[in-house]
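# Commentary on secondary and tertiary structure
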Amino acid sequence: MEEFHKVRRLPPYVFEQVNRLKASARAGGADIIDLGMGNPDLPTPQSIVDKLCEVVQDPRTHRYSSSKGIPGLRRAQAAYYARRFGVKLNPDTQVVATLGSKEGFANMAQAITAPGDVILCPNPTYPIHAFGFLMAGGVIRSMSVEPDESFFPPLERAVRHSIPKPLALILNYPSNPTALVATLDFYKDVIAFAKKHDIIVLSDLAYSEIYFDGAPPPSVLEVPGAIDVTVEFTSMSKTFSMPGWRMGFAVGNERLIAALTRVKSYLDYGAFTPIQVAATHALNGDGSDIAEVRNVYKRRRDVMVESFGKAGFDVPPPAATMFAWAKIPEKFRHLGSLEFSKLLVEKADVAVAPGIGFGEQGDDYVRLALVENEHRIRQAARNIKKFMSTADETMHNVISLNAHR
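Conventions we followed
- Residues numbered from 1 in each chain as written.
- Predicted model: local features only at pLDDT ≥ 70, side-chain atom pairs only at ≥ 80, totals over all residues.
- Heavy atoms only, no water.
- UniProt positions renumbered as here; feature names shortened; annotations may be inferred.
- Buried < 20%, exposed > 50% of the residue type's maximum accessible area, 1.4 Å probe, protein only.
- Helix = DSSP H or I, 4+ residues; strand = E, 2+ residues; numbered from the N terminus.
- Pairing = 2+ DSSP bridges.
- 1 Å grid on protein atoms, 1.4 Å probe; cavity = no way out; pocket = protein on both sides within 12 Å on 5 of 7 lines; lining within 4 Å.
- Points joined across faces, edges and corners; volume = space filled by probe spheres on them.
- Nonpolar A, V, L, I, M, F, W, Y, C, P; charged D, E, K, R; others polar.
- Domains from an automatic or database assignment.
- Contact = heavy atoms within 4.5 Å.
- Core = buried A, V, L, I, M, F, W, Y, C linked by side-chain atoms within 4.5 Å.
- Salt bridge = Lys/Arg side-chain N within 4 Å of Asp/Glu carboxyl O.

- Named according to an unreviewed UniProt entry, the protein is Aminotransferase originating from Rhizobium redzepovicii.
- According to UniProt, the comment filed for the protein under the heading Cofactor (unreviewed entry) is "pyridoxal 5'-phosphate".
- What the UniProt record of the protein gives under Sequence similarities (unreviewed entry) is the line "Belongs to the class-I pyridoxal-phosphate-dependent aminotransferase family."

Dropping the structure here:
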């Protein structure tokens, strides 16, 4: 049977090929060190779990919840933005709870996109940034991901040459997968451009609290007047080690938040009320849970940079996020990121995310997630060092390492 229209618009899910290899290797008894999926291994802080257990005992919380988020949760998110960014939000009209930032992005795409609308999207980037709009009938125009002066000439060309004029621009800093961090000056230039050309700005700030060096990453909403054109998405998945709880937020422009809220009201009843109450408790905390999570990822980052470097696999230290974005070693670069990722599973018992899965501009890279403990990260480095040092002998009858793409 012919595939459905929206399914046909989606490219093959390249991560699934690596996932199948992982599953097969594990079924055969291999101990795969999984640095591929960004699935936090740290437990949710006990006080948040305790609050969930307390509230779930009340049968009144077992009923349908509020799609836009209970009032206390929206007030807590507004208070967080005031403390962290100095941004004042109306919790009734400028904050909506989402089932993670991923769901928020996908439903915002459904809310604002007409067939053929042009969306400016960084490449490489987290897949939902592009695919959410593709499924909504939009057209993606790829942009630079570097938050510097090189970002703007492609934007100018897109405005001049896109028909219709671009509807929205997607930002993602700190970036998944590249770990790049934007400055407030960069955001000021973006907002000035967006206002000049009447373009919506959609900012994914899921990694705002996972930073290691220098000042905390800013929010684009710190720019005066940014709220006129901007919605920003955050998540509690990494900040509080709550990935399975599916709790996030969209905040910003009232008209855009109202559109998202209306679409969501047709599609879901919101997260389970005890989860929303526990999330409120987390946001109203003293920040010590966030600091501990940050410290764990920093220690893992430092171990990865050191041990992989000694293994001959250079990993630039990310300034933020729970990921490192590393160029494939020169000897293997001609293979492309998918084939190199497969080799690491098969020959080194290490799983990584192929860069091509985040866009064609990522094909010389792999993404390494800091989701294994320090001992396991060192073991992954030893495995990779052994594989790379013996590749000429063990792979001569499989593929030429001197070939070129």
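## Details of the pairing of strand 9 (residues 323-327)
- Of all five residues in strand 9, four are buried, a share of seventy percent or more.
- Both strand 9 and strand 12 (residues 365-369) contribute to a ladder of five bridges, which runs antiparallel. Among the inter-strand pairings, alanine 324 is bridged to a residue of strand 12, identified as leucine 368.

## Section: the layout of surface pockets
- Looking at the largest pocket, its volume works out to about 870 Å³.
- Listed by contribution, the elements that provide at least two residues to the lining of the largest pocket are helix 2 (14-27), helix 5 (100-112), helix 6 (127-135) and strand 11 (353-354).
- Per element, the largest residue contribution to the lining of the largest pocket is five residues, and it comes from helix 6.
- Partitioning the lining of the largest pocket into residue classes produces 19 nonpolar, eleven polar and seven charged.
- Two domains each put at least three residues into the lining of the largest pocket: domain 1 (3-41 + 287-389) and domain 2 (44-282).
- By volume, the second largest pocket is sized at about 350 Å³.
- Along the walls of the second largest pocket sit 21 residues, with Ala130, Phe131, Phe358, Gly359 and Glu360 positioned nearest its centre.

## Quick notes on the side chain of serine 341
- When you line up the elements, serine 341 lands in helix 12 (residues 337-348).
- Ignoring sequence-local partners within four residues, the contact set of serine 341 consists of Val18, Val352, Ala353, Pro354 and Val366.

## Details of the nonpolar core
- Judged by nonpolar contacts, the single largest core of 52 residues is most densely connected at Tyr81, Phe151, Leu171, Met236, Met247 and Phe249.
- Elements with a contribution of two residues or more to this core: helix 4 (71-85), strand 2 (95-98), strand 3 (118-122), helix 7 (152-161), strand 5 (168-172), helix 8 (184-197), strand 8 (248-252) and helix 10 (273-283).
- Setting aside its immediate chain neighbours within four residues, methionine 236 contacts Ser241, Met242, Met247, Phe249, Ala279, Ala282 and Leu283.
- Among the nonpolar cores identified, the runner-up in size contains 41 residues, and Leu42, Leu335, Ala348 and Leu370 belong to it.

## Looking at helix 6
- Among the nine residues that make up helix 6, seven are buried, leaving the element largely enclosed by the rest of the structure.
- When we look at burial in helix 6, the residues that qualify are Pro127, Ile128, His129, Ala130, Gly132, Phe133 and Leu134.
- The inward-facing, buried residues of helix 6 contact helix 2, helix 5, strand 3, strand 4 (139-143), strand 5 and strand 6 (200-204).
- Glycine 137 sits one or two residues past helix 6 and shows a positive phi near 95°.

## Some remarks on the environment of proline 147
- Of note, proline 147 is situated in the loop between strand 4 and helix 7.
- Between the alpha carbons of proline 147 and arginine 160 there is a distance of 21 Å; along the sequence they are 13 residues apart.
- Once residues within four sequence positions are removed from consideration, proline 147 is found in contact with Tyr173, Leu180, Val181, Ala182 and Phe186.

## Overview of the pattern of salt bridges
- This model, assessed by the stated rule, comprises 22 salt bridges.
- Between aspartate 213 and arginine 301 there is a salt bridge, with the nearest N and O atoms lying 2.7 Å from each other. Here aspartate 213 is found in the loop between strand 6 and strand 7 (230-235), whereas its partner arginine 301 is found in helix 11 (residues 288-310), with 88 residues between them in sequence.
- Through salt bridges with shared partners, a single network forms among Asp213, Lys298, Arg301 and Asp302.

## Examining unusual backbone geometry
- Note the cis peptide between asparagine 123 and proline 124, where omega equals 10°.
- For proline 124, the position within the fold is in the loop between strand 3 and helix 6.
- Note that the residue after isoleucine 163, namely proline 164, is joined by a cis bond; omega there is 0°.
- Along the chain, the position of proline 164 falls in the loop between helix 7 and strand 5.
- Of note, alanine 179 is a non-glycine position whose phi angle comes to about 65°, a positive value.
- Summarising the element assignment, alanine 179 is placed in the loop between strand 5 and helix 8.

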